[in-house]
Amino acid sequence: MIKVNALTKTFDGFKALDALSMHARPGSIYGLVGPNGAGKSTLLRHVTGIYQPDSGTVLVNGERVYENPPVKRKIFFIPDDPYHFPSASTRDMMRFYQGLYPQFSLQRYEALQAAFPDVKEKMPIRRLSRGMQKQSAFWLALCCQPELLVLDEPVDGLDPVMRRQVWSLLMGDVAQRGMTVLISSHNLRELEDVCDHVGILSHGRVLLERSLTDLQDNIVKIQLAFPELDLPELPEGLNILHTSQLGRVHTLIVRGNLEIIQGRLSTLSPLFMEALPLSLEEIFIYELGGEDYAVRDIIL
Amino acid sequence: MRSGTSFFDFTIFNKNIQRYWPLWGAYLFIWLLILPINLMFLNRRLWSTQDMLEAAQTVHETLPLGLYMAFVFGLGAAMMVFGYLYNSRAACMTHALPLRRETLFWSSYLAGLAFLIGPHLLTALITLGIESLRGVAAPESLGVWLLGQSAMCLFFYSFAVFCGMFTGNALALPIFYGILNFLVWYLRETIVSYVAQFLHGMGYGTWDRGILVQWCTPILNLSGALQRDRGVTYMNRPEVLAIYAAAGAVLTVLALLVYRRRHMESAGDVVAVRVVRPVFQYGVAISTGLLGTILLYIFWGVSNPSNVSLVVGVILWSVAGYFAATMLLDKTFRVFHKWKGAAGLAVVILLFSLALEFDVLGFERRVPKVEEIQSVPFSSISGLNFDGGGNSLDLDEYSGLSTDSERLEKITALHHALANLPEDQRDRLGDNTISVNLDYSLRSGGSLIRRYYSVPVWKADRDVPGTVTYCVEQLLQDRELLRYNYGLNQQPDAGTMWAALENVVDAKTGSYASTGALDSVTSRRLWEAVQQDFDEGTIGIRYLFSEEASANQYEARIYFYWRDPSEDLPAHKRAAAAADPYYKAHQINLLLTRQASHTLAVLEESGVLDAYRLEEN
């Protein structure tokens, strides 16, 4: 769906994107994480055709986005601080988008009213709270029925109930229409529940880009205990990323397949051995430990 | 697959019309007040069909007011419809929409133009309706107004749009627009002032006779094009409006080209187009350097600063301007590490000033040879003693006389005298002070223009060949040239000509008075007598020194008026013309002299001097 290749963008000598490449499959929910200034918003503005690349390409469905209305009709962008005309209500903005997005669904607009009960559709959006302004933006975006929804810090300002509601609606569109979602956030925990692919940005480059399943399958967290206090010599060939100890209980972070690792460790005859789930946050810490200080900063 | 280009999107157009109705509503309201409502008011107040008719036929005379409205509302419309470029959030939202830049541009541009043209059309329709109801419809005048006002709006609006494409800051747009409307005029004023300090003979219009300034200062040029021409018309140069309207169309296309290359991340920047940033940076620096120095000298009351202090002042102010511009561009006060640019600028100013000081290009010494000269249009000597007909001597090409080689010899001799005037004599007060404009059209197709201001002339030099005084006197002796300067070469229409004396003393009351129109026979005899006296050199003498004028002239002036029978007045002006003898009349006037025996004889014989007395000057 999205293919970014060697994208470079410079602002007054500052390289915001440095030969960045990424790829998001159709129907996926792709999380883009990185610290402030990593280039997330700049990348999103290229994907939505707002910025013109200095070099490199940004393709959606195999076509360039910049100055290409047929492609842009399939994309809707909700920035972190959505813009609306100063005195416009949600209904006014609905009419505006209705004139610009051919696939805009008025029936969906009416139907979604129930999903956003606090948003008064005839009230000027600027008079709504920040959270309700975000709700209004999601309401309008979903009515445009885009093939690609691009979200920059999407649920900031939404209360937990409304977050769940919004994610549920997005997931529904992904499941039913095959919509692709590209989300930028610097909060890994937020993305963990919804993303199936993750890319991490630092200094204008994608440092790592994988599916969550791949990541989770490739790193194992195992707790085990031995009769003696010290950890016995571990079998050769294990790629140990990290070890820690609390009393007789040792925690190992090992890269590799769970069954193979468990098989090898069982030769040490531990008193008990248990595999624990790794959070996305932990995966990134151990995967990228020492790779880049900025990455560590945002995760910790 | 790339999309085909669509140039218009109704949603964007309609949104602009709906959002910014207060702007076009206010514009419409003002025009309704000025035209149809005003016509209704006249009708109610005076109940005169004639007054209504005259008002309807002079609707286009509101164009001078409309010029300033076009200037203001053109800017306002551009600021509104392209306002999304000056706010990062709005710029992102708008450019994420599935529209090409061309579509966004034309939809917004046409909406802004509709803010202006729409009210014009509506006003014209309502005005025509009211005129028709009263039976005084004047579609011609209304059409002139509609076209003229729309042309001006097209230009100023397009110019504002063009300016707006170079900035990403809403506050910067009106400043750019205002500055660029007067930039060439301002640069002319300041640069010429600076250069003239170094180069003797440099003055306004030295480069291009002021044409560039005239056309690049549209509000002044249009104002001139719409001026009242002896009470009849407000549009004496309609082609000027047409040219500006065409320029507006060109600016629109250029604005689109800039918009297509504009980067959206520039929203908020003072200068949004990268290649223009150095122009802005150094332009602000030099403008600040010149203006700051001039204002400082005005503040200190220094009228004639030394060249060294002037250069130092310009360099210091330019450097300050350079850093100020850099702060605006970089949005930070930490710009002093960019001192190399400022130092380079200072060196350039210094070198330029040294080149001027030593006249590297030979500007001061250049005097064309007679055989090089085609004509001397717009050349004149001013500061002579005022004698009713003027205080200058035009050497211009309208007379058709200044192609004569003998006369050109006299002019170039004067030029040599001026060029060779020692530096220590240039700023002194002589027995009189004159100014000389020399404007040569050369046979090579080029031109050479020199302006000499405040040139001292001395009585003692009158018979000293090679001096300025001598050379000016030589030209003042040229009776043929003077005949043209007084207008005595003209052939007034005998049927409409009449004469009058002003500044005569009424013999009964002892107070200054006018004779009023003398009868046609006396007027004709006076004309012939004046011609005879002029031929004998006893009247129509332009003196260089006032004492000589006082010794020979009366205070009384003789006037000749006549109308050009070929000139066709508009119907609604004929009644006014018939009632007012001065209306749109040609005139000649000159001071009476004691030696003008033929003229004085006619006045004596006709009894004028019985009723009036002539006072000595």
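About the cut-offs
Residues numbered from 1 in each chain as written. Chains lettered and ligands numbered in written order. Predicted model: local features only at pLDDT ≥ 70, side-chain atom pairs only at ≥ 80, totals over all residues. Helix = DSSP H or I, 4+ residues; strand = E, 2+ residues; numbered from the N terminus. Buried ≥ 20, exposed ≤ 12 C-beta atoms within 10 Å, placed from the backbone. Contact = placed C-beta atoms within 7 Å. Pairing = 2+ DSSP bridges. Axes fitted to C-alpha atoms, helices over the stretch in contact; angles between N-to-C directions. Domains from an automatic or database assignment. pLDDT = per-residue confidence, 0-100. Core = buried A, V, L, I, M, F, W, Y, C linked by C-beta atoms within 7 Å. Nonpolar A, V, L, I, M, F, W, Y, C, P; charged D, E, K, R; others polar. Parallel < 35°, antiparallel > 145°, perpendicular 65-115°, else oblique.

Asks: Honestly, the overall build of chain A in this entry has me stumped. Any pointers?
Replies: For chain A, the helix and strand inventory stands at 11 helices and 14 strands. In terms of its C-alpha atoms, chain A occupies a principal-axis envelope of roughly 70 × 45 × 30 Å. The buried share of chain A, reckoned over its 300 residues, is 37%. Of all intrachain contacts in chain A linking residues separated by at least 6 positions in sequence, the fraction that spans at least 24 positions is 69%.

Asks: Would you explain the sheet that holds strand β6 (residues 498-502) of chain B in this entry?
Replies: By way of backbone hydrogen bonds, the strands of a sheet pair with one another, either parallel or antiparallel. Residues and elements named next belong to chain B. What the three strands build is an open sheet, ordered β6-β9-β10; its pairing is antiparallel. Of all the strands in the sheet, the pair left with one neighbour each is β6 and β10 (586-593). Here the average twist between neighbouring strands, direction ignored, is 25°. Pairing of β6 with strand β9 (residues 553-562) involves five bridges; the strand directions are antiparallel. Paired with W498 across the two strands is Y561, which belongs to β9. Sitting on the sheet, helix α20 (residues 520-536) touches β6 and β9, and the angle it makes with β6 is about 75°.

Asks: What should I look at first to understand the domain arrangement of chain B in this one?
Replies: The figure often quoted for interface size is the accessible area lost as the parts come together. Taken domain by domain, chain B comprises domain 1 (10-182 + 210-265), domain 2 (275-357), domain 3 (370-477) and domain 4 (487-613). The gap between the C-alpha centroids of domain 1 of chain B and domain 2 of chain B is 37 Å.

Asks: Please explain unusual backbone geometry as it appears in this structure.
Replies: A negative phi angle characterises most non-glycine residues, just as the trans form characterises most peptide bonds. Residue and element names in this part refer to chain A. The residue E67 is not glycine, and still its phi comes out positive at about 60°. Classification of E67 by C-beta neighbours within 10 Å gives partly exposed; the count is 18. Positioned with a positive phi, H203 is a non-glycine residue whose angle comes to about 50°. Residue placement: H203 occurs in the loop between β9 (197-202) and β10 (205-211). Exposure remark for H203: the 18 C-beta atoms within 10 Å place this residue in the partly exposed category.

Asks: Would you mind going over the sheet that holds strand β8 (residues 512-513) of chain B with me for this structure?
Replies: Residue and element names in this part refer to chain B. Taken together, the three strands give an open sheet; going across it, the order is β8-β7-β11, and neighbouring strands pair in antiparallel fashion. Here the strands that pair on one side only, and so sit at the sheet edges, are β8 and β11 (612-613). Note that strand β7 (residues 504-506) and β11 share two bridges and pair antiparallel. Among the inter-strand pairings, D506 is bridged to a residue of β11, identified as Y612.

Asks: Looking at this structure, I do not really get the environment of L600 of chain B. What am I missing?
Replies: Following the sequence through the fold, L600 of chain B ends up in helix α23 (residues 597-605). Sequence spacing of L600 of chain B and D330 of chain B is 270 residues, and the spatial spacing of their C-alpha atoms is 78 Å.

Asks: Explanation requested: the confidence of the model for chain B in the structure shown.
Replies: Interpretation of the predicted coordinates at a detailed level should be avoided for regions scoring low in pLDDT. On average, residues of chain B score 88 in pLDDT, and 92% of them are at 70 or above. Predicted complex, confidence summary: ipTM 0.87, pTM 0.81.

Asks: What is the right way to look at the nonpolar core in this model?
Replies: Grouped burial of nonpolar side chains is what soluble globular proteins tend to show. By size, the foremost hydrophobic cluster in this structure holds 165 residues, and its most contacted members are L182 of chain A together with M152 and Y157 of chain B. Among the elements that take part in this core, helix α8 (residues 139-164) of chain B stands out by supplying 16 residues, more than any other.

Asks: Hey, could you run me through the interface of chain A and chain B in this one?
Replies: Counting residues at the interface gives 23 residues for chain A, matched by 21 residues for chain B. In terms of residues, the side of chain A that touches chain B owes the most to one element, helix α2 (residues 69-72) of chain A, which gives three residues. In terms of residue class, the side of chain A that touches chain B is built from 12 nonpolar, five polar and six charged.

Asks: Is there a simple way to think about the pairing of strand β12 (residues 239-246) of chain A in this case?
Replies: Consecutive side chains along a regular strand alternate between the two faces of the sheet. Residues and elements named next belong to chain A. β12 sits mainly on the outside: zero of its eight residues count as buried. Direction of pairing for β12 relative to strand β13 (residues 249-255): antiparallel, over a ladder of seven bridges. Within the sheet, the bridge partner assigned to T243 lies in β13 and is L252. What sits between β12 and β13 in their antiparallel hairpin is a turn of two residues, with G247 showing a positive phi close to 65°.

Asks: Quick question: what am I supposed to make of the confidence of the model for chain A here?
Replies: Residues and elements named next belong to chain A. For chain A, mean pLDDT is 89; residues scoring 70 or higher make up 95% of the total. Between the elements of chain A, mean pLDDT differs from a low of 45, seen in helix α11 (residues 293-299), to a high of 97, seen in strand β6 (residues 75-78). The low-confidence segment residues 290-300, where pLDDT is below 50, has 19 contacts with residues more than four positions distant or belonging to other chains.

Asks: Would you explain the domain arrangement of chain A in this entry?
Replies: Each domain of chain A was delimited in the assignment, giving domain 1 (2-210) and domain 2 (214-299). On a C-alpha basis, the centroid separation for the pair domain 1 of chain A and domain 2 of chain A is 36 Å.

Asks: What is the right way to look at helix α6 (residues 88-96) of chain B in this model?
Replies: Each full turn of the α-helix corresponds to 3.6 residues, which orients residues three or four apart in the same direction. Inspection of α6 of chain B places A91, C92, M93, H95 and A96 of chain B among the buried residues, and these make up the whole buried set. Considering only its buried residues, α6 of chain B is in contact with α1 (40-47) and β6 of chain A.

Asks: Sorry if this is basic, but what is going on with the packing of helix α5 (residues 130-143) of chain A against helix α6 (residues 160-177) of chain A here?
Replies: Each pair of packed helices can be described by the angle between their axes along with the distance between the axes. All names here are of chain A. With their axes 12 Å apart at the nearest point, α5 and α6 run at an angle of 10° to one another. Judged by the angle between their axes, α5 and α6 are roughly parallel. Counting all contacts with α5, which are made through G131, Q135, F138 and L142, the residues of α6 involved are M162, V166, L169 and D173. Residue classes in the contact of α5 with α6 are distributed as five nonpolar, two polar and one charged.

Asks: I would appreciate a short explanation of the environment of Q165 of chain A in the present structure.
Replies: All names here are of chain A. With respect to the element layout, Q165 can be found in helix α6. Note on Q165: 16 C-beta atoms within 10 Å, which makes it partly exposed. A sequence separation of 134 residues divides Q165 from G31, and the C-alpha atoms of the two residues are 19 Å apart.

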